[in-house]
Amino acid sequence: MVILHDINTVDGLIDRVFMYNPEANADLLRRAYAFSNEMHYKQKRKAGNRYIQHPLAVAAILCNMRMDTNSIAAGLLHDTIEDTVTTIEEIKDLFGEDVAFLVESMTKLSKMEFRTSEDAQAENFRKMFLAMAEDMRVILIKFADRLHNMRTLEHLSVDKRQRIATETLEIYAPLANRLGIGWLKSMFEDLSFKFLHPDIYEQLVHKVAKKREEQEGYLNEVVKIVEAHLKAALIPGTVNGRVKHNYGIYQKMQKQQIPFELVYDVIAIRIITDTQATCYASLGLIHSLWTPVPGRFKDFIGAPKSNLYQALHTTIIGPKGERIEFQIRTQEMDRIAEEGIAAHWKYKERDKSGKMDDKYVSWLREIVKSQKDTPDAKEFLEAVKGNILPGVVYVFTPEGDIVELPQDATPVDLAYSIHTEVGHQCTGAKVNRKIVPLRYRLQNGNTVEIITSHGHVPSRDWLKFVKTQRAKARIKQWLKIEERKKGLALGEEMLEKALRRNKLSKDLARSDDVLEAASSFRIKTHEDLFVAIGYGRLSVHKIINKLLPESEKTEEEMIHAGGDKRSDEGKGITIEGVDNIMFHRSKCCYPLPGEKVAGFVTRGRGVSIHKIDCPTLDTNTIDVDRLLEVEWAGDGQVTFAVKVQVLTIDKRGLLAELSAVLSTLNVNISNLAASSTHDKKALFNFTLEIRDKRQLDQVIARVAQINGVLEVKRIET
């Protein structure tokens, strides 16, 4: 796609629009320009020019993409709500609801409050993707806005350049690729590359230009040979050479760890013909002229990419032994490869059914659907990133249908892509008629049969290996429902037992009296009450205390009247937003004050405190809604049991020396187990009373200095 220069006047913009859409609403564009010019009149960009030049440039890019008049008008108005006193109601009154929707969708979240800039960025992207799923023109306008900003990035500070370029490379370029807009993906990548690695970029630009100059004569010679043979074979088509974009060359150098001089396919030849049949005929002709390089042929016509890209790719050993890459496609394939989804958002005659639109963004709508209840914007953004980054495999169902999945996807991912119930009931799989494990990584061309069993349910372990967002969301949703059911049943059982223990009827558990007692804890339903008790968020004793008169309270209930009974391990912990909750240190990692920790709500045992990097807290395998922010608090006088293992030479008096050192550090030994090894070494397993991580580090350092000690380490199991 040829990108024309920015248009400097509204008349020039309208003239350009009329070139592809003679029925365009010129009055709407003039009014949008006049309004935007008036609102931004006193504003200037960092480059020093009038601000109106930015929205005009955005509109020009949309015009070059042959977009509809409302989209171009929205491009002219896209910054008015954020940067001026304009309201969305004014835009709606003056330019209509469609333009207003597009402008509002483009508005950033600058007026919202976030804890960090990362949260703000993630929430901004979340809004963009949600709007994009509703109307794809939103992302096309956003692309135009980002492209012009990238073209003028040199006027910003180095820090801002780095941040914006990184954002463009990580999100906008892959997204443009996922939506099939090839020219835009290449521009985003090259501009990002320019500002992220300026020195490398300049060197590469110089080397590419030099190589093109050196090979221009050779390339023209090959093009003429191909044209002559196509003509002789009566195959219609045009042939031209092109240089690959700079970032693509840089990526190949990085991936293969080679210098520029060893990148052989810097220049490629493209054949544009009329039908699929002539594409394959052209391929046969090329292979008859020169030797193809094994493993370098790819048929994206038979199995199109996820962004609907279609072409035949092959690399041959050409004249003089030079490697040349050929791309062969029809005119329609070429248009789709360059314009992608934008090809289906033309100024008129768009596919009203939306079927082509759905092929591009069904993955996005699935993410939006599965993430609608996710409050964490950063988690949503990671889900989107995971779906726009390249890397896919194509597998076949037993019926011969092609299914596209992310790289390293498993049979479970395929099962959930077919239907949620197929995923839930998946018990096994056959790949090419052979039984494989559910965690098997599918390969291109595999024929996969899913084996199901009625009544089978998902496993939490599946979350460790599934790759698709759909599978993760469906598994987590099922586990969350089941966990709640278990918590509900446990909570009701615990309350009924407590009622019987206090000689009260178990029928009170579902009475209005119990709800009245629970209302002071902001609980409104019996179900929420049982879940709160079952998960340990609320002590059952607090409810009993509300129900019993003072004279009838048992000694146990009197003890709990002032709060939950806690061990010393419960001291020195504060849990954000939660009061009077049971908690305990987990036995899998034994966290200490000074270490970063998090809380996990268990069923019936309150909150389990873990080190922040404890494998138990893997967010891929747990319900993140049950995580709580936890901090250490207190005066540091409380001690915690910590297991320390010491390996020494087996000699007399060493245990006494170890004990003496620990005594000088004011560390109490609560338990000790000693044993000898077959190679005459001694192994001591101490359980020590430690105040915090700092004291533990001091103990380990001092013990390690003792003559005869070979190794000292903390044991977390």
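It should be emphasised that the depicted structure is a prediction, and the values quoted were computed from it without experimental measurement.

Enquirer: Quick question: what am I supposed to make of a negative patch on the surface here?
Expert: On the surface, a cluster of negative charge is made up of Glu89, Glu90, Asp93 and Glu104. Relative to the helices and strands, aspartate 93 resides in helix H6 (residues 88-95). When its relative accessible area of 69% is taken as the criterion, aspartate 93 is described as exposed.

Enquirer: Would you take a moment to explain the pairing of strand E18 (residues 668-676) for this structure?
Expert: Successive residues of a regular strand alternate their side chains across the two faces of the sheet. Of the pairings in the sheet, the one linking E18 to strand E19 (residues 681-690) comprises 8 bridges and is antiparallel in character. For serine 675, the partnering residue across the bridge sits in E19 and is leucine 683.

Enquirer: What's the story with the packing of aromatic side chains in this structure? I'm lost.
Expert: The description of an aromatic ring pair rests on the distance of the ring centres and on the angle between the ring planes. Here the structure, examined in full by the defined rule, presents 12 aromatic pairs. Note on phenylalanine 35 and phenylalanine 95: the rings are 5.7 Å apart at their centroids and 75° apart in plane angle, and the pair reads as edge-to-face. Placement of the pair is phenylalanine 35 in helix H2 (residues 26-39) and phenylalanine 95 in helix H6, with a sequence separation of 60 residues. Exposure remark for phenylalanine 35: the relative accessible area of 11% places this residue in the buried category. A residue is classified by how much of its surface remains accessible, and phenylalanine 95, at 9% relative accessible area, is buried. Three or more aromatic residues joined by ring pairs form one cluster here, namely Phe193, Tyr201, Tyr247 and Tyr250. The ring of phenylalanine 260 carries lysine 211 above its face, with NZ or CZ at 5.5 Å from the centroid.

Enquirer: Looking at this structure, I do not really get the packing of helix H7 (residues 97-106) against helix H9 (residues 137-151). What am I missing?
Expert: Describing two packed helices takes the angle between their axes plus the distance from one axis to the other. As a packed pair, H7 and H9 sit with axes 10 Å apart at the nearest point and diverge in direction by 55°. On the basis of their axis angle, the class for H7 and H9 is oblique. Crossing of H7 over H9 shows right-handed handedness. Within the contact between the two elements, H7 uses Asp98, Phe101, Leu102, Ser105 and Met106 and H9 uses Arg137, Val138, Ile141, Lys142 and Asp145. Residues belonging to the contact of H7 with H9 are distributed by class as follows: 5 nonpolar, 1 polar and 4 charged.

Enquirer: Explanation requested: the sheet that holds strand E17 (residues 640-649) in the structure shown.
Expert: Two pairing modes exist for strands in a sheet, parallel and antiparallel, and in both the strands are linked by backbone hydrogen bonds. The 4 strands lie next to each other as E18-E19-E17-E20, forming an open sheet whose pairing is antiparallel. The open sheet has two edge strands, E18 and strand E20 (709-715), and neither has a second partner. Going across the sheet, the axis of each strand differs from the next one's by a mean of 20°, ignoring polarity. Direction of pairing for E17 relative to E19: antiparallel, over a ladder of 10 bridges. Across the sheet, the residue bridging to valine 646 is phenylalanine 684, located in E19. Sitting on the sheet, helix H25 (residues 654-664) touches E17, E18, E19 and E20, and the angle it makes with E19 is about 20°. Strands E17, E19 and E20 of the sheet are contacted by helix H26 (residues 693-704), whose axis makes an angle of about 165° with E20.

Enquirer: Sorry, what's going on with the nonpolar core here?
Expert: One recurring pattern in soluble globular proteins: nonpolar side chains tend to sit buried together. Ranked by internal contacts, the top residues of the largest apolar core, which has 97 residues, are Ile72, Ile91, Leu140, Phe143, Val226 and Phe326. In terms of residue count, helix H12 (residues 198-232) provides more of this core than any other element does, 9 residues in total. Leu499, Leu628, Val667 and Val703 belong to the second largest nonpolar core, which has 49 residues in total.

Enquirer: I tried to follow helix H23 (residues 540-547) on my own but got confused; where do I start?
Expert: Working note: α-helix, 3.6 residues per turn, so residues spaced by three or four point in the same direction. Of all 8 residues that make up H23, 6 are buried, and the element is covered over most of its length. Here H23 has its buried residues at Val540, His541, Lys542, Ile543, Ile544 and Asn545.

Enquirer: Can you help me understand the confidence of the model for the protein chain in this one?
Expert: Any region with low pLDDT has predicted coordinates that should not be read closely. Residues at a pLDDT of 70 or more form 82% of the protein chain, whose mean pLDDT is 81. Per-element confidence in the protein chain is highest for helix H14 (residues 276-289), whose mean pLDDT is 94, and lowest for helix H24 (residues 555-560), whose mean pLDDT is 47. Here residues 1-5 is a poorly scored stretch, pLDDT under 50, and it has 11 contacts once near neighbours within four places are set aside; other chains count. Low confidence marks residues 555-570, where pLDDT is under 50. Its contacts with residues over four positions away, or in another chain, come to 28 contacts.

Reading the values: rules and limits
Residues numbered from 1 in each chain as written. Predicted model: local features only at pLDDT ≥ 70, side-chain atom pairs only at ≥ 80, totals over all residues. Heavy atoms only, no water. Patch = residues over 30% accessible without salt bridge, like charges linked within 9 Å, V, L, I, M, F, W, Y side chains within 5 Å. Areas by Shrake-Rupley, 256 points an atom, 1.4 Å probe, with all protein chains shown as cover. Salt bridge = Lys/Arg side-chain N within 4 Å of Asp/Glu carboxyl O. Lys, Arg positive; Asp, Glu negative; His and termini not counted. Charge placed at Lys NZ, Arg CZ, Asp CG, Glu CD. Helix = DSSP H or I, 4+ residues; strand = E, 2+ residues; numbered from the N terminus. Buried < 20%, exposed > 50% of the residue type's maximum accessible area, 1.4 Å probe, protein only. Pairing = 2+ DSSP bridges. Phe/Tyr/Trp six-rings, centres within 6.5 Å; stacked < 30°, edge-to-face > 60°. Lys NZ or Arg CZ within 6 Å of the ring centre and 35° of its normal. Axes fitted to C-alpha atoms, helices over the stretch in contact; angles between N-to-C directions. Parallel < 35°, antiparallel > 145°, perpendicular 65-115°, else oblique. Left-handed = near helix turned anticlockwise from the far one by under 90°. Contact = heavy atoms within 4.5 Å. Nonpolar A, V, L, I, M, F, W, Y, C, P; charged D, E, K, R; others polar. Core = buried A, V, L, I, M, F, W, Y, C linked by side-chain atoms within 4.5 Å. pLDDT = per-residue confidence, 0-100.

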